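Listed here are the chains, written in short residue letters.
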Amino acid sequence: MRNMGFVLFALAALLGQTYAALAVESYSVTPAVLKPGEEGAVTFAVKNAIPAGSASTAQLENVQVYFGGTVAGVEFKAQSPFIIGTIESGGSALVSIPFRVLPNAKGGAITVPFFISQKDKPDLKTVNAIIKVVNPPIITLSSDKSTLLSTDTINLTITNNGGRADRVTIKLAEGSRFSLSGVSQIYVGEVVSQKSVLVPIDARNVEEGVNSIPFLLSYQQEGGAEASELKPFAVTVRKEKSDIVFAQAGKLVASQSGVLSLKVKNTGRQNLEDLQIYLEDSKIRPSESRQIKIGNLLPGEEKLAEYRVFVDTAPGTQSTTLRLKWFENDVEKEEVASVPVVVASDADVAVFVDAKPSPIVSGGEHAISITVSNIGSYRIQNVEAEIGQSEVFEIMNAQRSQYIGGLDADDFSSVQYKVKVKASPGIYPLPIKVRYKDQSGIWIDKEQDIQISVRSQEEAGGKGGNGSLPLIAAGALALLAAGYWYFRMRKSGRAGKKEA
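No experiment lies behind these values; they were computed from the predicted model shown.

Colleague: Sorry if this is basic, but what is going on with the pattern of salt bridges here?
Modeller: When charged atoms on two side chains of opposite charge get close, those side chains can pair. Applying the stated criterion across every chain, the model contains 14 salt bridges. Note that R164 and E190 form a salt bridge whose closest N and O atoms lie 1.7 Å from each other. With R164 in the loop between β13 (151–160) and β14 (165–172) and E190 in strand β16 (residues 186–191), the pair connects residues that are 26 residues apart, well separated along the chain. Residue class for R164 comes out partly exposed when judged on its relative accessible area of 36%. By relative accessible area, E190 is classed as partly exposed at 35%. Here R435 and D445 are joined by a salt bridge, their closest N and O atoms 3.0 Å apart. Here the residue R435 occupies a position in strand β36 (residues 426–437), and D445 occupies one in strand β37 (residues 443–455), the gap between them amounting to 10 residues. By relative accessible area, which is 29% here, R435 ends up partly exposed. Its relative accessible area of 40% is what places D445 among the partly exposed residues. It is possible to trace a salt-bridge network through shared partners that takes in R164, D166 and E190.

Written out as structure tokens, the structure is:
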């Protein structure tokens, strides 16, 4: 008996060493999530495992992987069975089965079974691979209206070109100046292909013009996953306005105090009661009250609103902000209007004349210098100076007009002319024309006659000739000094007004 037990033990040990153990390690699906129409692969390892306490196992022969059958939503790119062949003791073989998710596959988890065995042997292993398919809805929005009033209702059409969307709800994103009228959200339900729903919109807190309504759609995808997506929808907001027309009635000059006069006309059919207009502008500033009480304004009636203002803006057309308050059919209303106001330039130039040699003598030839100074508050451009036609002074230059260019405020520049004096002694006008463009782009022409004293040759020589300074030349210098004093005083006075 003892010998028999030893034999049985040895036989069991021998069988344990030669027994082939078929095993399958965990699988993987690549990619982890797929959409309909995409391709992937299921990968796993088939192993000839060595049991504990054994040194080796027999070979696994004719190992095969079976798959396929009726798996909804998936087709395999390889033929079944997939032949592995022989696996040595302790060895393994990596299996990768390619597949394709069909275009009509539903979202969710698809279980695909794989069967691994040796040919003509009962030992069988099963791998149930789970393929995760997502088929998200592809949602677009359209509306029957592209322009909204302050409060309006749109017929919103939801089109779904993707997977099924269940329990769809619509609300607006946090922080939006749009809101839903009377509700916090709208339940739509199932959207398979297309569905329309009425959406009441409150746009009273939204600025006029092109805006985006931030629709937030929440729904359940195929397979049960919850999802949300933001779908901005562009619309044009147009506020209902009063039928009031403004027209400028007076002139405003840059950098000066003045009166802003506006004609106010009711072009609508409703009586505007207790109309009040507030001037709210940082550049055309009221120096007194910013409120004008117009009172009742009947249809077709026109009244005048006048504000004392200081114009602290450049020349040109400026947009002035007005806030209107009134009652219409016992309902208080308010709106903000932008009114174009034309601001004229205070552009001006001073002209000074000098001559070399001095004094100017009858029959002599002299160099006349014309100095143009910008005494306005803003830069002027394209400045030209010209000596006009005169029977007294013959211009020796090739042309009468000479170009100076741009002049900043307080800046000046000169041009020179060579002239021959044809007149007898006396005082004669020298016609000078200056042409320039102001800050607002308007061309300005200034013409001025400068009185010039012509001396006789004898008188000029008796006073020391061309090298001396006759009394009449001193008078001309005094005139220049007086003009410069007036220019500086004018600038100083305007600067004081600005500071005030």
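Colleague: Can you help me understand the sheet that holds strand β12 (residues 147–148) in this one?
Modeller: Within a sheet, neighbouring strands are paired by backbone hydrogen bonds and run either parallel or antiparallel to one another. Read from one edge to the other, the open sheet built from five strands follows the order β12-β19-β18-β14-β16, with strand pairing classed as mixed. With one partner strand each, in any of the chains shown, β12 and β16 form the two edges of the open sheet. In this structure, β14 lies alongside strand β18 (residues 209–220), joined through five bridges in antiparallel fashion. Opposite I170, over in β18, you have L217 as the bridge partner.

Colleague: Sorry, what's going on with the sheet that holds strand β33 (residues 393–395) here?
Modeller: A sheet is described by the order of its strands in space; here four strands give the open sequence β29-β31-β35-β33, paired in antiparallel fashion. Looking along the sheet, the strands with just one partner apiece sit at the ends: β29 (349–356) and β33. The average angle at which neighbouring strand axes cross in this sheet is 40°, direction not considered. Relative to strand β35 (residues 412–421), β33 runs antiparallel, the two being bridged by three bridges. Paired with F393 across the two strands is V421, which belongs to β35.

Colleague: Even after reading the chapter, I still don't get the packing of aromatic side chains, so can you show me in this structure?
Modeller: Two measures describe an aromatic ring pair: the distance that separates the ring centres and the angle between the ring planes. Using the criterion set out here, one finds five aromatic pairs in the structure. Measuring from ring centre to ring centre gives 4.9 Å for F67 and F76, while their planes differ by 55°; the resulting arrangement is tilted. The exposure class assigned to F76 is buried, which follows from its relative accessible area of 19%. Each member of the aromatic cluster is reached from another via a ring pair, and the members are F44, F67, F76 and F114. If you follow R323 out to its NZ or CZ, it ends over the ring of Y278, 4.6 Å from the centre.

Colleague: Help me understand the pairing of strand β32 (residues 380–387) in this model?
Modeller: Here is the key point about a regular strand: its side chains alternate between the two faces of the sheet. Here β32 runs beside strand β34 (residues 401–407); their pairing, made up of five bridges, is antiparallel. The partner of E386 across the bridge, within β34, is S401. Two strands pair when backbone bridges link them, and β32 and β36 are joined in this way by five bridges, in the antiparallel orientation. Bridging across to β36, I387 finds its partner in I432.

Colleague: What am I meant to see in a nonpolar patch on the surface here?
Modeller: Side chains of Y66, F115 and L124 sit close together on the surface and give an oily, nonpolar patch of about 260 Å² of accessible area. Assignment of secondary structure puts L124 in strand β10 (residues 124–133).

Colleague: I tried to follow unusual backbone geometry on my own but got confused; where do I start?
Modeller: What is expected of a backbone is that most residues other than glycine have negative phi and most peptide bonds are trans. For the bond from S80 to P81, the omega torsion is 5°, close enough to zero to count as cis. Here P81 shows up in the loop between β6 (74–76) and β7 (82–87). One non-glycine residue, S255, lies in the positive phi region at around 65°. On the secondary structure map, S255 appears in the loop between β21 (252–253) and β22 (257–266).

Colleague: I tried to follow the environment of P137 on my own but got confused; where do I start?
Modeller: Within the fold, P137 resides in the loop between β10 and β11 (139–143). For the pair P137 and Y219, spaced 82 residues apart in the sequence, the C-alpha separation amounts to 9.1 Å. Apart from the residues within four sequence positions on either side, P137 is in contact with N160, G162, G163, R164, A165, Y219, Q221 and E229.

Colleague: Any chance you could explain the nonpolar core here in plain terms?
Modeller: In summary, soluble globular proteins display a tendency toward joint burial of nonpolar side chains. If you look at the biggest cluster of nonpolar residues, it comprises 31 residues, and the most contacted ones within it are I370, V372 and F393. With five residues, the single largest contributor to this core is β36. In terms of nonpolar packing, the next biggest core, distinct from the first, is built from 29 residues, I84, V95, A105 and F114 among them.

Colleague: Any chance you could explain the environment of A105 here in plain terms?
Modeller: Note on placement: A105 falls in the loop between β8 (92–101) and β9 (108–118). Under the relative-accessibility criterion, A105 is labelled buried at 3%. For A105, the contacting residues outside a window of four places in its chain are P36, G73, N135 and E222.

Colleague: Help me out: how do you make sense of the environment of Y428 in this one?
Modeller: Locating Y428 in the fold gives a position in strand β36. The buried category is assigned to Y428, whose relative accessible area is 19%. For the pair formed by Y428 and S453, sequence separation is 25 residues and the distance between their alpha carbons is 6.4 Å. One polar contact links the side chain of Y428 to the main-chain carbonyl oxygen of S424, over a distance of 2.7 Å.

Colleague: I tried to follow the side chain of T313 on my own but got confused; where do I start?
Modeller: Within the fold, T313 resides in the loop between β26 (302–311) and β27 (316–328). At a separation of 3.5 Å, a polar atom in the side chain of T313 contacts the side chain of Q318. Filtering out sequence-adjacent residues up to four positions away, T313 remains in contact with A254, S255, K283, I284, Q318, V343 and Y378.

Criteria and cut-off values
- Residues numbered from 1 in each chain as written.
- Predicted model: local features only at pLDDT ≥ 70, side-chain atom pairs only at ≥ 80, totals over all residues.
- Heavy atoms only, no water.
- Salt bridge = Lys/Arg side-chain N within 4 Å of Asp/Glu carboxyl O.
- Helix = DSSP H or I, 4+ residues; strand = E, 2+ residues; numbered from the N terminus.
- Buried < 20%, exposed > 50% of the residue type's maximum accessible area, 1.4 Å probe, protein only.
- Pairing = 2+ DSSP bridges.
- Axes fitted to C-alpha atoms, helices over the stretch in contact; angles between N-to-C directions.
- Phe/Tyr/Trp six-rings, centres within 6.5 Å; stacked < 30°, edge-to-face > 60°.
- Lys NZ or Arg CZ within 6 Å of the ring centre and 35° of its normal.
- Patch = residues over 30% accessible without salt bridge, like charges linked within 9 Å, V, L, I, M, F, W, Y side chains within 5 Å.
- Areas by Shrake-Rupley, 256 points an atom, 1.4 Å probe, with all protein chains shown as cover.
- Contact = heavy atoms within 4.5 Å.
- Core = buried A, V, L, I, M, F, W, Y, C linked by side-chain atoms within 4.5 Å.
- Polar contact = N/O pair within 3.5 Å; in protein donor to acceptor, adjacent residues only side chain to side chain.

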